[in-house]
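Coordinates in review
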Amino acid sequence: MSPPAAPAPAPAPAAAFDPETWRAQFPILRTEMHGRPLVYLDSAASTQKPRRVIDRLKSFYERDYANIHRGVYELSQRASALHDEARRKVQRFLGARDWREIVFVRNATEGINLVAWSFLRPKLEPGDEILVTEMEHHANIVPWQIVAGERGARVVAAPITDAGEIDLDALAERITGRTRMLAVAWVSNVLGTVNPVEEIVALARREGVPVLIDAAQAVQHRPVDVAALGCDFLVFSGHKTYGPSGVGVLYGRGELLDAMPPWQGGGDMIEKVSFAGTSFNEIPFRFEAGTPDIAGIVALGEALDFLEELDLARVERHEAALLAGAERALARIPGLRILGAPKERRSALAFTLEGAHPQDIGMLLDLEGIAIRTGHHCAMPLHARFGLSASARMSVGVYTNEADIDALTAGLRRIAAMFQ
Ligand code: PLP
């Protein structure tokens, strides 16, 4: 039932820096769309998968698959050990003190819902407040609204500046005696703003307010250390982190998780069941009812090994330089407006083009094999803040190269000429 005592083996040391070697590991990037080489610039929606993650999924099903924590037979023991090892890998990746602080969920969204239902809802009283910011993804707004609505509490949004940054003074002012939770994105999925989470966590701790960091756009782009950060909760999605879809992670501080009731009932989350009543398992199993995505979790471990081998500090430098180059190139296109101008940008960059609907931009670029995201990117309040209902968004991953940015820039220049 518990992970092996030994820590997960450390990944191989970082290989020599060569982004084209990283890129070569992604089979889908050798495919064509509409007869043109695929230019994939939608990694913020989901990253593509390296060969080793695809192979791990396949080999797990071919050699290692059985249900976990249930069988005494060899195969089930092996699958359980691999699943438990993946939890250790996540622990190491996040810098968590204890493997019990790592809960497997379906995605970042489910992690936030778990905290909203299990941690917050029992404490909420009429008039209480949950503080978020105007730049949040719907996943970091709606779960809080649902539990707030039930309890007569409300969600309050701290404003962001025209540059697309959190106004820290305004955030601090909105913390009141009624604030029961602060939930903030580390990196905006639209603007790419890197929020000063260290300062935000310190502020929340000073005020005695629990804090959740939505790291869905952060952990694949920069190193993370939850123990040093001191946040109470942090979530991310496997599918944005070069792993499979259907797996996500909630990190929670041990003492908080320990005190939280289960939020879903079923197998594996119990200690003893009778019709007189049920007692519940320890953390993290208490929050993992039913059979999980076993193969997906093992393959997520492989994806995190991949990222650690690339070395996230190096990934961050590489991607930041690419994004800065994209920003310079796009800014020179007539009629193109980039949303926000944050001091630090990672992952994504959103824009509009005078005269062209974002949907049209997306469809015309697709004909050239270029995949970007268009619409509200699950951030309607953020778009409303900028007076928009939609935008176009390009985003980068470890495989993005300058040729991708050049193709996008040339495509956008052609579209700008068509519409103006
Ligand atoms: N938070 C942020 C900042 C995101 O960008 C996303 C997805 O785009 C989510 C949360 C939700 O992720 P998922 O749909 O994987 O749960």
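Predicted model only: the values in this text are computed from it and were never measured.

1. Re the site of the ligand
- Near the ligand the following residues occur: Asn107, Ala108, Thr109, His137, Ala139, Asn189, Asp214, Ala216, Gln217, Ser237, His239 and Lys240.
- One of the backbone nitrogen or oxygen atoms of Ala108 is found 3.4 Å away from an oxygen atom of the ligand.
- Taking Ser237, its side chain carries an N or O atom lying 2.6 Å from an oxygen atom of the ligand.
- Its free accessible area being 390 Å², the ligand has 89% of it covered by the protein chains.

2. Quick word on the sheet that holds strand β9 (residues 233-237)
- Taken together, the 7 strands give an open sheet; going across it, the order is β4-β10-β9-β8-β7-β5-β6, and neighbouring strands pair in mixed fashion. If you trace the sheet from one side to the other, it starts and ends with β4 (102-105) and β6 (154-158), each paired once. For this sheet, the mean angle separating the axes of adjacent strands, direction not counted, is 20°.
- Note: strand β5 (residues 129-133) against β6, 5 bridges, orientation parallel. Note on β6: the bridge partner recorded for Ile130 is Val155.
- Strands β4, β9 and β10 (248-252) of the sheet are contacted by helix α3 (residues 74-94), whose axis makes an angle of about 115° with β4.

3. Things to note about helix α2 (residues 51-64)
- Here α2 spans 19 Å end to end across 14 residues, near enough to the 20 Å set by a 1.5 Å rise per residue.
- Listing the buried residues of α2 in full gives Val53, Arg56, Ser59, Phe60 and Asp64.
- Its buried side turned inward, α2 meets α3 and α10 (294-310).

4. Concerning the packing of aromatic side chains
- Applying the stated criterion across every chain, the model contains 12 aromatic pairs.
- With a centroid separation of 6.2 Å and 70° between ring planes, the pair formed by Phe60 and Tyr61 is classed as edge-to-face.
- Given a relative accessible area of 49%, Tyr61 falls into the partly exposed group.
- A network of ring pairs unites the aromatic residues Phe26, Tyr40, Tyr242, Phe306 and Tyr399 as a single cluster.
- Above the face of the Phe119 ring, Lys123 is positioned so that its terminal group lies 3.9 Å from the ring centre.
- Between Arg385 and the ring centre of Phe386, over which it is positioned, the NZ or CZ distance is 5.3 Å.

5. Observations concerning the sheet that holds strand β17 (residues 391-395)
- Spatially, the 4 strands line up as an open sheet ordered β13-β14-β17-β16, and their pairing is antiparallel. One side of each edge strand has no neighbouring strand; the edge strands of this open sheet are β13 (336-338) and β16 (373-375). With direction set aside, neighbouring strand axes in the sheet form an average angle of 30°.
- Two strands pair when backbone bridges link them, and strand β14 (residues 348-353) and β17 are joined in this way by 4 bridges, in the antiparallel orientation. Residue pairing for β17: Ala350 is matched across the bridge by Arg393.
- Against the sheet, helix α11 (residues 312-331) engages β13, β14 and β17, with an angle of about 10° to β14.

Reading the values: rules and limits
- Residues numbered from 1 in each chain as written.
- Predicted model: local features only at pLDDT ≥ 70, side-chain atom pairs only at ≥ 80, totals over all residues.
- Heavy atoms only, no water.
- Near = heavy atom within 4 Å.
- Polar contact = N/O pair within 3.5 Å; in protein donor to acceptor, adjacent residues only side chain to side chain.
- Areas by Shrake-Rupley, 256 points an atom, 1.4 Å probe, with all protein chains shown as cover.
- Pairing = 2+ DSSP bridges.
- Helix = DSSP H or I, 4+ residues; strand = E, 2+ residues; numbered from the N terminus.
- Axes fitted to C-alpha atoms, helices over the stretch in contact; angles between N-to-C directions.
- Contact = heavy atoms within 4.5 Å.
- Expected span 1.5 Å × (residues − 1).
- Buried < 20%, exposed > 50% of the residue type's maximum accessible area, 1.4 Å probe, protein only.
- Phe/Tyr/Trp six-rings, centres within 6.5 Å; stacked < 30°, edge-to-face > 60°.
- Lys NZ or Arg CZ within 6 Å of the ring centre and 35° of its normal.

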